[in-house]
Amino acid sequence: MAGRTFAIGGGVPDANEVLAAPAADVYSTTDGQTWVEEADLPEARASASAIANDQFNFVLSGTTAPPAADPSVVVAAHCAFD
């Protein structure tokens, strides 16, 4: 659906607000106020970049287990635009 904004992945902090684990969460919104939970990413990712085309969201690089970097690309097919 055109006009959707996605929040993809991110980090889960420990008690000291340090990245303890990456997250696989995906949320979307059309109005910027109400967020809807989408299907999780196929693997958790933090500190990544994302890009979208007219069909898919791509999550690029980031970390899968702090502090290691992962250069792979995750295709979030479940986030395809309608």
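Preceding this section is the structure that the text describes.
Points about the sheet that holds strand S4 (residues 26-29)
Then comes step 1: Pairing within the open sheet is antiparallel, and its three strands lie in the order S1-S4-S5. Of all strands in the sheet, those with a lone pairing partner are strand S1 (5-8) and strand S5 (36-37), marking the two edges.
Then comes step 2: Of the strand pairs in this sheet, S4 and S5 are connected by two bridges, and their pairing is antiparallel. Among the inter-strand pairings, serine 28 is bridged to a residue of S5, identified as valine 36.

Here we look at the pairing of strand S7 (residues 57-60)
Then comes step 1: Only one face of S7 is buried: it carries Asn57 and Val59, and the other face, with Phe58 and Leu60, is open.
Then comes step 2: Here four bridges tie strand S6 (residues 49-52) to S7, and the two strands are oriented antiparallel to one another. What sits directly across from alanine 50, in S7, is valine 59.
Then comes step 3: Between S6 and the antiparallel strand that follows it, S7, lie four residues.

Thresholds applied
The residue numbers shown here count from 1 along each chain, following its written sequence. Under the rules for a predicted model, residues below a pLDDT of 70 receive no local features and side-chain atom pairs below 80 are neither given nor counted, while totals for whole chains, interfaces and linings still include all residues. Computation of side-chain values covers all heavy atoms of the structure but excludes hydrogens and water. Two strands form a pair only when DSSP identifies at least two bridges running between them. Numbering of helices and strands starts at the N terminus; helices are DSSP runs of H or I of at least 4 residues and strands are runs of E of at least 2. Each residue is placed in one exposure class: buried if its accessible area under a 1.4 Å probe, protein chains only, is under 20% of its type's maximum, exposed if it is over 50%, and partly exposed if it falls in between.

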